[in-house]
Amino acid sequence: MIDTLNIIAMVLTIALGLVGFLAPGFTMKKLGLKPDGSNMGYTEIRAANGALFVGAGLGALFLSLPAAFAMVGFLYAGAAAGRITGILFNNAGSEKSWGYFSAEALLAIYLLIANL
């Protein structure tokens, strides 16, 4: 069961990463971000919100080790920590922000508890 859930979590991670990697404009719009006159925002979304998660998910599937799946859990934990910090310190507690935080936190909790 854990193997199946790990694979599902990695497929989700890869799919969401592909959206950021292949459609940075769409991702920026969903996140409420706008370019400031340069194209650097698009490259940042492709890298940090896209290819990073594609690579992490593919790497975990390739290695197929509990530690690899846990490492992706640590990535989600870091994302959740950054998100909750923004919610609390930047008054960014929209329904969308809480939804993203919840998804990141749940994936982190599952991947860490199941694989450590």
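Placed above this text is the structure.
Notes on the structure follow. Everything numeric in this text was worked out from a predicted model, so none of it was measured.

What follows covers the overall build of the chain. Summing up its helical and strand segments, the chain has five helices and zero strands in all. Overall, the chain shows an N-to-C arrangement of helices and strands of α-α-α-α-α. Scaling as 2.2 N^0.38, a compact globule of 116 residues should have a C-alpha radius of gyration of about 13 Å, and the chain matches this with 15 Å. Considering only C-alpha atoms, the chain reaches an extent of 45 × 30 × 15 Å along its principal axes.

The next subject is helix α4 (residues 66-89). Spanning 24 residues, α4 covers 34 Å between terminal C-alpha atoms, matching the ideal 34 Å at 1.5 Å per step. Taken as a whole, α4 has its buried residues at Ala68, Phe69, Ala70, Val72, Gly73, Tyr76, Ala80, Gly86 and Ile87. In this fold, the buried residues of α4 make contact with α1 (2-22), α3 (40-63) and α5 (95-115). Looking one or two residues past α4, Asn91 carries a phi angle of roughly 50°, positive in sign.

On to the nonpolar core, then. Across soluble globular proteins, you tend to see nonpolar side chains buried next to one another. Ranked by size, the top nonpolar core spans 12 residues in total: Ala9, Met10, Phe53, Ala56, Ala60, Ala68, Phe69, Val72, Tyr76, Leu107, Ala108 and Leu111. Counting only elements with at least two residues in this core, the list comes to α1, α3, α4 and α5. If you tally residues by element for this core, the top one is α4, at four residues. Setting aside its immediate chain neighbours within four residues, Val72 contacts Met10, Thr13, Ala56, Ala60 and Leu111.

All right, on to the packing of aromatic side chains then. The description of an aromatic ring pair uses the distance of the two centres, along with the angle that the planes make with each other. Counted by the stated rule, this structure contains two aromatic pairs. Judged by centre distance (5.6 Å) and plane angle (40°), the rings of Phe53 and Tyr76 are tilted. Here the residue Phe53 occupies a position in helix α3, and Tyr76 occupies one in helix α4, the gap between them amounting to 23 residues. You can call Phe53 buried: its relative accessible area is 15%. Between the aromatic rings of Trp98 and Phe101, the centroid separation amounts to 5.9 Å while the plane-to-plane angle is 85°, which identifies the pairing as edge-to-face. Of this pair, Trp98 and Phe101 both sit in helix α5, three residues apart, which is roughly one turn of that helix. Classification of Trp98 as partly exposed rests on a relative accessible area of 37%. What makes Phe101 buried here is its relative accessible area of 19%.

Over the atoms, a rolling probe the size of a water molecule traces out where space has been left empty. Computed from the structure, the largest pocket encloses a volume of approximately 510 Å³. Along its surface, the largest pocket is lined by 20 residues, and Leu16, Asn49, Arg83, Tyr100 and Glu104 are the ones closest to its centre. Residue assignment for the lining of the largest pocket shows that the elements contributing at least two residues are α1, α2 (24-31), α3, α4 and α5. Its residues placed into classes, the lining of the largest pocket shows 12 nonpolar, five polar and three charged.

Conventions adopted
- Residues numbered from 1 in each chain as written.
- Predicted model: local features only at pLDDT ≥ 70, side-chain atom pairs only at ≥ 80, totals over all residues.
- Heavy atoms only, no water.
- Helix = DSSP H or I, 4+ residues; strand = E, 2+ residues; numbered from the N terminus.
- Rg over C-alpha atoms; globule rule 2.2 N^0.38 Å.
- Expected span 1.5 Å × (residues − 1).
- Buried < 20%, exposed > 50% of the residue type's maximum accessible area, 1.4 Å probe, protein only.
- Contact = heavy atoms within 4.5 Å.
- Core = buried A, V, L, I, M, F, W, Y, C linked by side-chain atoms within 4.5 Å.
- Phe/Tyr/Trp six-rings, centres within 6.5 Å; stacked < 30°, edge-to-face > 60°.
- 1 Å grid on protein atoms, 1.4 Å probe; cavity = no way out; pocket = protein on both sides within 12 Å on 5 of 7 lines; lining within 4 Å.
- Points joined across faces, edges and corners; volume = space filled by probe spheres on them.
- Nonpolar A, V, L, I, M, F, W, Y, C, P; charged D, E, K, R; others polar.

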